[in-house]
Amino acid sequence: MKALTYLGAGKKEVMEKPKPKIEKETDVIVKITKTTICGTDLHILSGDVPTVEEGRILGHEGVGIIEEVGSGVKNFKKGDRVLISCITSCGRCENCKKGLYAHCEDGGWILGHLIDGTQAEYVRIPYADNSLYPIPDGVDEEALVMLSDILPTGFEIGVLNGKVQPGQTVAIIGAGPVGMAALLTAQFYSPAEIIMVDLDDNRLEVAKKFGATQVVNSGDGKAVEKIMELTDGKGVDVAMEAVGIPVTFDICQEIIKPGGHIANVGVHGKSVEFHIEKLWIRNITLTTGLVNTTSTPMLLKTVEAKKLQPEQLITHRFAFSDIRKAYEVFGNAAKEKALKVIISND
């Protein structure tokens, strides 16, 4: 089969690899029909995730059709169309029983990380009963690719961890796909203001269409001043960091009001400076996390009911044979005006 394979920091290549096989009775083999590229894949290529070995097939998002089923799988059969979760869950370990599926003792984020992922013609999915979702008839499969990772990540790690409430002022630092997902799902809770911050004017214009009430271009280094001006010097109730670099984390620390909540969503490859000397007295809460995907069934229902339309995030489409070009476009998102790309293997 053809697969996008990681060759080391900054290197990738499409090459022929053996089709995966059932290894345990709880596995299935899925023929990928649509997948995408995540910012985390770019972090891997930058060397920020050293646990990824050379030769790994990248990708942890996608939809497809089950081709083979292990003898222990109860909820799925050959031919079922399925949504693949970015998180693999055994459902039995101590962490799974607490709902911490991200920290499953034999799973978690392993696709495209510790085992081969979804940027291939076929993928092996361990613990299929707990790690796949059936696709309802008539639902846009491209929209569902957004439910593999970015929608539950933005919602759970940004909105739920940040405890967004009606009437609050929320700032989202980073208008990439996960930041946009947080913007879409924050509106479930009717905040009074959502301020979107980014370097890219195109993304900020898109954010306005998606529901941002204010936008701030941080390119001049004055984002903090602008946000404080917009909030009459008070700051924001919730600041979501959705980039994963020190400067954006610093902005969150500067704009959070007393009693506020910093929800870190971004993937950090470098350490940040936490200003405890300023924040200890301000009763703030700081949360971090890797998505558990506990919200995926609910988000799936909202998409099915057209209450949430994540297909709005898709800007480019490619055939699997053009996956190198897809990476070029996604890696130069500002120039290409890219948010999410869809890669089809139909």
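Residues numbered from 1 in each chain as written. Predicted model: local features only at pLDDT ≥ 70, side-chain atom pairs only at ≥ 80, totals over all residues. Heavy atoms only, no water.

The name given to the chain in an unreviewed UniProt entry is Alcohol dehydrogenase, with Thermaerobacillus caldiproteolyticus as the source organism. You can read under Cofactor (unreviewed entry) in the UniProt record for the chain the words "Zn(2+)". Entered under Sequence similarities (unreviewed entry) in the UniProt record, the comment concerning the chain runs "Belongs to the zinc-containing alcohol dehydrogenase family." (UniProt positions renumbered as here; feature names shortened; annotations may be inferred.)

With that settled, consider the pairing of strand 15 (residues 340–344). Strand 15 sits mainly inside the fold: 5 of its 5 residues count as buried. On strand 15, burial covers both faces: Lys340, Ile342 and Ser344 on one face and Val341 and Ile343 on the other are all buried. Inspection of the sheet shows strand 3 (residues 28–35) paired to strand 15 by 2 bridges, in the antiparallel sense. Counterpart to Lys34 in the pairing with strand 15 is Ser344. Bridge analysis of strand 14 (residues 314–319) against strand 15 gives 5 bridges, and the strand direction is parallel. Looking at strand 15, one finds that Ile314 is bridged to Lys340. (Buried < 20%, exposed > 50% of the residue type's maximum accessible area, 1.4 Å probe, protein only. Helix = DSSP H or I, 4+ residues; strand = E, 2+ residues; numbered from the N terminus. Pairing = 2+ DSSP bridges.)

The next point concerns the environment of Pro177. You can see Pro177 is positioned in helix 6 (residues 177–186). According to the relative accessible area criterion, Pro177 is buried, its value standing at 12%. Separated by 14 residues in the primary sequence, Pro177 and Lys163 place their C-alpha atoms 20 Å from one another. Sequence-distant contacts of Pro177, defined by excluding residues within four places in its chain, comprise Ile150, Arg203, Leu313, Phe330, Leu339 and Lys340. (Contact = heavy atoms within 4.5 Å.)

With that out of the way, let us pick up helix 5 (residues 150–160). Burial analysis of helix 5 places 10 of its 11 residues in the buried class, which makes it a mostly covered element. Taken together, the buried positions of helix 5 are occupied by Ile150, Leu151, Pro152, Thr153, Gly154, Phe155, Glu156, Ile157, Gly158 and Val159. As for helix 5, its buried residues are in contact with helix 6, strand 11 (236–241), strand 12 (256–264), helix 11 (296–304) and strand 15.

Time to look at the domain arrangement of the chain. As assigned here, the chain comprises domain 1 (2–148 + 292–344) and domain 2 (152–288). Computed from C-alpha atoms alone, the centre-to-centre distance between domain 1 and domain 2 is 27 Å. Listed as interface residues are 23 residues of domain 1 and, on the opposing side, 18 residues of domain 2. Carbon and sulfur atoms supply 70% of the area buried between domain 1 and domain 2, which totals about 1,600 Å² over both sides. Put simply, domain 1 and domain 2 have 6 residue pairs in polar contact (both at pLDDT 80 or more) between them. Put simply, the parts of the chain that give the side of domain 1 that touches domain 2 at least two residues each are helix 1 (39–45), helix 11 and helix 13 (333–336). Broken down by element, the residue count for the side of domain 1 that touches domain 2 peaks at 3 residues, all from helix 11. When grouped by side-chain class, the residues that make up the side of domain 1 that touches domain 2 number 11 nonpolar, 9 polar and 3 charged. (Domains from an automatic or database assignment. Buried area = accessible area lost by both parts, 1.4 Å probe. Polar contact = N/O pair within 3.5 Å; in protein donor to acceptor, adjacent residues only side chain to side chain. Nonpolar A, V, L, I, M, F, W, Y, C, P; charged D, E, K, R; others polar.)

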